[in-house]
There are 2 protein chains.
Amino acid sequence: MVHREPEIDAAQLLSDLDALARIGATPEGGVSRIAFSPADLEARRWVEEAMRVAGMAVRRDPAGNSIGTYPGREPGLAPIALGSHTDTVPNGGRYDGALGVLAALACVRALHAAGQRLRHPVEVINFVAEEATMGGGTFGSRAMAGLFDPAALDHEAVDGRPVAEHLRRAAIDTAQVRTAARPAGSLAAYVELHIEQGGVLASAGIVIGAVEGIVGIRRYAVTFHGEANHAGTTPMDDRSDALVMAAPFILAVREIAVAHGIVGTVGTLRVSPGASNVIPGRVELTAEIRGLDEATLDAAEAALRARAEAAGAAFARMSAKEPVRSDPLIVASVEQTCQQLGLSCRRMPSGAGHDAMCMAALTRQGMIFVPSQRGISHAPDEYTAPEDCVNGARVLLGTLLALDAALDSTGDG
Amino acid sequence: MVHREPEIDAAQLLSDLDALARIGATPEGGVSRIAFSPADLEARRWVEEAMRVAGMAVRRDPAGNSIGTYPGREPGLAPIALGSHTDTVPNGGRYDGALGVLAALACVRALHAAGQRLRHPVEVINFVAEEATMGGGTFGSRAMAGLFDPAALDHEAVDGRPVAEHLRRAAIDTAQVRTAARPAGSLAAYVELHIEQGGVLASAGIVIGAVEGIVGIRRYAVTFHGEANHAGTTPMDDRSDALVMAAPFILAVREIAVAHGIVGTVGTLRVSPGASNVIPGRVELTAEIRGLDEATLDAAEAALRARAEAAGAAFARMSAKEPVRSDPLIVASVEQTCQQLGLSCRRMPSGAGHDAMCMAALTRQGMIFVPSQRGISHAPDEYTAPEDCVNGARVLLGTLLALDAALDSTGDG
């Protein structure tokens with residue numbers, strides 16, 4: 001083997017991004033590769049073929065995840081995995097997920113072109129069904145990390161059919177999904193490059209985000225009970241208007257989030273009975289808060305509950321995902337790589353969930369963010385500049401090399 | 001003919017209310033007689049038969065309105081009309097509309113039983129499609145008053161089909177509806193008894209409302225434009241949340257209504273895209289205000305517009321119905337009758353639209369209200385006590401007699 005410094009082939013990466021974006025392209029300029037759809041399966045095969053060309057052995061696990069393995073040179077070392085997903089939301093963007101998979105591929109291609117093997121094997125993983133089109137999302141990474149819940153098979157997919165039906169059509173044996181779980185120690189690390197899906201990096205003019213962790217998400221159902229009545233015949237003094245009760249709470253969610261340094265949103269609101277000439281008798285809304293610190297989320301939740309209950313509303317926690325901290329070694333490796341490459345870098349939380357969040361149950365994990373123009377994601381005008389995509393791949397490669405040097409054979413660092 | 005004082009047959013009126021409530025009765029204890037439905041048509045035939053039994057000649061006009069005529073004794077006098085409607089909203093109550101028709105019938109029955117004819121002929125009118133199940137409602141009274149707009153034929157009925165289709169199935173010739181219009185001077189007056197559909201009389205313990213007029217209704221479409229974005233990745237400072245913009249406006253509608261002594265309501269609100277993890281990009285709501293005085297409505301509208309536009313919202317007037325004042329002679333006749341009968345009476349506006357509002361374009365008109373328990377209407381638990389129903393019919397009869405004495409042959413009073 002000829003030894004030279006591995007380098008990301010920028011032109012090839014950008015060409016791959018274009019090629020993948022053509023699979024499931026929509027008239028609006030977006031991409032629809034809903035998990036297990038023909039476009040999604042075609043993209044998966046496309047990536048698998050590219051893995052083979054880059055010198056990897058490719059397999060699919062029982063959950064449908066594609067795993068490419070590039071061999072290492074030291075026997076007994078667990079692989080370092082890089083990856084993301086190539087499924088999308090309906091009419092989504094071309095970078096969310098795809099960039100992480102193609103950049104991982106570019107890293108291995110760089111090693112392969114340089115005739116170089118690392119101490120550790122390198123895996124490229126294209127996870128299955130990360131988007132919440134199949135129930136709650138992160139289907140493949142959950143399965144790999146041993147977090148698979150069979151109840152997920154019965155969840156409703158985006159088209160109203162059960163998830164199990166989609167799996168069967170994709171020739172995935174639902175009884176075998178749980179066997180995709182990998183044992184502890186089977187991976188040395190997992191690193192994921194992803195677009196930020198927020199506007200922090202873009203508006204600050206920073207190139208790389210070193211993700212400190214993925215925020216915890218708590219979601220609440222809040223119901224305000226008034227009395228539906230005729231909007232013409234009921235004097236203002238005699239009204240019990242559920243929407244008038246809900247309005248201050250909407251503002252309180254924002255105030256409480258700001259006061260606690262987290263984010264908070266009322267994203268859905270339904271008025272019943274919902275006629276212009278009837279006073280709202282009931283308002284149901286969902287509120288969610290996200291933050292990296294459990295104690296802060298507890299405090300914000302208590303404040304929200306107090307405000308809702310003071311207005312006579314029913315306040316119920318629908319779900320709570322715990323925050324997941326990134327591995328400090330990976331965060332430090334990302335920062336160190338940026339310094340070496342002369343790229344600006346900021347530590348930041350991820351406000352969205354990712355496959356890395358699930359992989360934390362299996363191995364040390366971390367993420368690298370690149371800027372999303374205007375913070376737009378899950379839409380056709382999702383955009384990350386070519387130079388940012390390439391810089392992200394370079395930082396991913398640098399981080400891989402740093403981890404390869406730092407981690408020992410047990411995967412304990 | 002034997003002359004004795006005409007008197008309402010209370011037992012018969014209450015029995016009629018029971019009998020009519022059985023036509024279209026719902027399991028919830030309400031009534032569904034959606035205009036032109038089999039139950040509605042059956043009720044219409046039932047009333048027509050009762051009109052005949054009470055000595056009236058019955059006809060249907062080209063709009064489908066049933067008109068019963070009880071002859072008068074002075075040639076050349078235009079009829080005094082009493083009436084309301086027997087159609088209901090889906091799963092509505094048993095008093096809204098029905099009471100007015102059956103009380104009108106009870107008045108003629110009282111004359112007939114007493115062997116008495118008035119100076120004027122008396123008409124009992126059962127208007128067709130008063131409820132807003134066929135587009136905007138008051139279909140029959142509009143047609144009779146010459147206010148029919150052919151565009152109404154294309155409006156969407158409550159089941160999503162065009163109004164014209166319902167008319168045709170009820171054997172109404174849509175090309176002839178406009179010929180239901182009656183000429184000026186063809187009626188001497190129109191008086192309608194109706195339940196209040198509000199809680200003012202019930203909570204004040206007053207038996208009769210002498211309706212001063214029907215409020216004007218102005219309805220607005222208000223659209224707040226934010227930017228839909230990820231609820232996790234978008235910092236609070238970078239948000240443009242349409243629901244957070246709309247919340248203060250919801251409160252402003254109430255404040256402005258109270259400040260102007262009118263009523264104001266936000267009855268519908270739609271959040272787009274409407275997912276718990278997406279910041280609302282657009283909120284569309286309807287606001288309406290109602291009041292008896294145009295200048296006050298103008299002032300309130302200006303205040304609403306200013307508040308909406310200050311929040312960057314688009315504010316559009318969807319519709320404006322002018323207030324309709326009752327005829328002073330009718331209001332005075334109602335009050336005078338109450339005094340004679342020893343019944344408490346209060347002047348009040350009607351916050352809801354009624355057939356009488358349309359009939360104002362054709363003749364002098366007025367309304368009599370009786371209490372609605374807890375102000376509930378358009379629901380199965382709509383309730384007016386039997387004694388209140390009977391008192392309402394007595395006041396209707398007294399008002400009829402007073403008008404018969406006061407009005408001259410030209411219908412000009």
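Residues numbered from 1 in each chain as written. Chains lettered and ligands numbered in written order. Predicted model: local features only at pLDDT ≥ 70, side-chain atom pairs only at ≥ 80, totals over all residues. Heavy atoms only, no water.

### Notes on the overall build of chain A
Part 1: Secondary structure summary: chain A contains 11 helices and 15 strands in total.
Part 2: Rg of the C-alpha trace for chain A: 23 Å, near the compact-globule value of 22 Å for 413 residues, within the 12% margin.
Part 3: Within chain A, the fraction of its 413 residues that count as buried is 59%.
Part 4: Taking the intrachain contacts of chain A between residues at least 6 apart in sequence as the baseline, contacts between residues at least 24 apart amount to 78%.
Part 5: Each charge sign in chain A was given a centre, from 36 positive and 49 negative side chains, and these centres are 3 Å apart. (Helix = DSSP H or I, 4+ residues; strand = E, 2+ residues; numbered from the N terminus. Rg over C-alpha atoms; globule rule 2.2 N^0.38 Å. Buried < 20%, exposed > 50% of the residue type's maximum accessible area, 1.4 Å probe, protein only. Contact = heavy atoms within 4.5 Å. Lys, Arg positive; Asp, Glu negative; His and termini not counted. Charge placed at Lys NZ, Arg CZ, Asp CG, Glu CD.)

### Structural notes on the pattern of salt bridges
Residues and elements named next belong to chain A.
Part 1: Enumeration over the complete set of coordinates arrives at 45 salt bridges over all chains.
Part 2: For the salt bridge of R60 with E48, the shortest nitrogen-to-oxygen distance reads 2.7 Å. Linking R60 in strand 1 (residues 57-60) with E48 in helix 2 (residues 38-53), this pair joins segments that are 12 residues apart in sequence.
Part 3: Of the residues examined, E48 reaches a relative accessible area of 6% and is grouped as buried. (Salt bridge = Lys/Arg side-chain N within 4 Å of Asp/Glu carboxyl O.)

### Some remarks on the interface of chain B and chain A
Part 1: Contact residues are listed per partner, giving 51 residues for chain B and 51 residues for chain A.
Part 2: Buried area between chain B and chain A, summed over both chains or domains, comes out near 4000 Å², and the portion from carbon and sulfur atoms is 60%.
Part 3: For chain B, the biggest contributors to the area lost against chain A are B:M236, B:R254 and B:S276; these three give 16% of the whole.
Part 4: Counting the contacts that link chain B with chain A gives 2 salt bridges.
Part 5: Across the salt bridge formed by A:E227 and B:R374, the nearest N and O atoms sit 3.6 Å from each other.
Part 6: At the boundary of chain B with chain A, the tally comes to 8 residue pairs in polar contact (both at pLDDT 80 or more).
Part 7: When residues of the side of chain B that touches chain A are traced back to their parent elements, those giving at least two are helix 6 (200-204), strand 8 (229-230), helix 7 (242-260), strand 9 (263-272), strand 10 (278-279) and strand 11 (282-291) of chain B.
Part 8: Looking at the side of chain B that touches chain A, its residues break down into 23 nonpolar, 19 polar and 9 charged. (Buried area = accessible area lost by both parts, 1.4 Å probe. Polar contact = N/O pair within 3.5 Å; in protein donor to acceptor, adjacent residues only side chain to side chain. Nonpolar A, V, L, I, M, F, W, Y, C, P; charged D, E, K, R; others polar.)

### Side note on the sheet that holds strand 11 (residues 282-291) of chain A
Residue and element names in this part refer to chain A.
Part 1: Overall, antiparallel pairing links the 4 strands, which are arranged 9-11-7-12 in an open sheet. Taken across any chain shown, the strands that pair with only one partner, and hence form the sheet edges, are strand 9 (263-272) and strand 12 (314-321). The average angle at which neighbouring strand axes cross in this sheet is 15°, direction not considered.
Part 2: By the bridge criterion, 10 bridges tie strand 7 (residues 216-225) to strand 11 in an arrangement that is antiparallel. (Pairing = 2+ DSSP bridges. Axes fitted to C-alpha atoms, helices over the stretch in contact; angles between N-to-C directions.)

### Here we look at helix 2 of chain A
Residues and elements named next belong to chain A.
Part 1: Its 16 residues place the ends of helix 2 23 Å apart at the C-alpha level, agreeing with the 22 Å of an ideal helix rising 1.5 Å per residue.
Part 2: Within the sequence span of helix 2, burial applies to A39, D40, L41, A43, R44, V47, E48, A50 and M51.
Part 3: Taken together, the buried residues of helix 2 touch helix 1 (10-22), strand 1, strand 2 (66-70), helix 3 (98-113) and strand 4 (122-127).
Part 4: G55 occupies a position one or two residues after helix 2 and carries a positive phi of about 90°. (Expected span 1.5 Å × (residues − 1).)

### Considering the environment of A:L17
Residue and element names in this part refer to chain A.
Part 1: Inspection of the secondary structure puts L17 in helix 1.
Part 2: Judged by relative accessible area, L17 falls into the buried class, the value being 3%.
Part 3: Excluding residues within four positions of it along the chain, L17 makes contact with R94, Y95, L99, L102 and C389.

### Examining the domain arrangement of chain A
By a widespread convention, an interface's size corresponds to the accessible area lost as its parts come together.
Residues and elements named next belong to chain A.
Part 1: Here the domain parsing of chain A yields domain 1 (10-214 + 323-406) and domain 2 (216-321).
Part 2: One C-alpha centre belongs to domain 1, the other to domain 2; they are set 36 Å apart.
Part 3: Buried area between domain 1 and domain 2, summed over both chains or domains, comes out near 670 Å², and the portion from carbon and sulfur atoms is 60%.
Part 4: A per-residue breakdown of the area domain 1 buries against domain 2 is headed by P323, R325 and G351, which together make up 62% of the total.
Part 5: Along the contact surface separating domain 1 from domain 2 lie 0 salt bridges.
Part 6: The tally of links between domain 1 and domain 2 comes to 1 residue pair in polar contact (both at pLDDT 80 or more).
Part 7: Tallying contributions element by element places strand 6 (residues 208-214) first for the side of domain 1 that touches domain 2, with 3 residues.
Part 8: In terms of residue class, the side of domain 1 that touches domain 2 is built from 5 nonpolar, 2 polar and 3 charged. (Domains from an automatic or database assignment.)

### What to know about the nonpolar core
Part 1: Counting 59 residues, the largest nonpolar core has A:F249, A:L269, A:L285, B:F249, B:L269 and B:L285 as its most contacted members.
Part 2: Beyond its immediate sequence surroundings of up to four residues, B:F249 is in contact with B:V222, B:F224, B:L285, B:A287, B:L304, B:R307, B:A308 and B:F315. (Core = buried A, V, L, I, M, F, W, Y, C linked by side-chain atoms within 4.5 Å.)

### Concerning the sheet that holds strand 12 (residues 314-321) of chain B
Residues and elements named next belong to chain B.
Part 1: Strand order in the open sheet formed by 4 strands is 9-11-7-12, and the pairing between neighbours is antiparallel. Where the open sheet ends on each side, the last strands, each with one partner, are strand 9 and strand 12. Averaged over all pairs of adjacent strands, the angle between their axes in this sheet comes to 15°, without regard to strand direction.
Part 2: Strands strand 7 (216-225), strand 11 and strand 12 of the sheet are contacted by helix 8 (residues 294-310), whose axis makes an angle of about 5° with strand 7.

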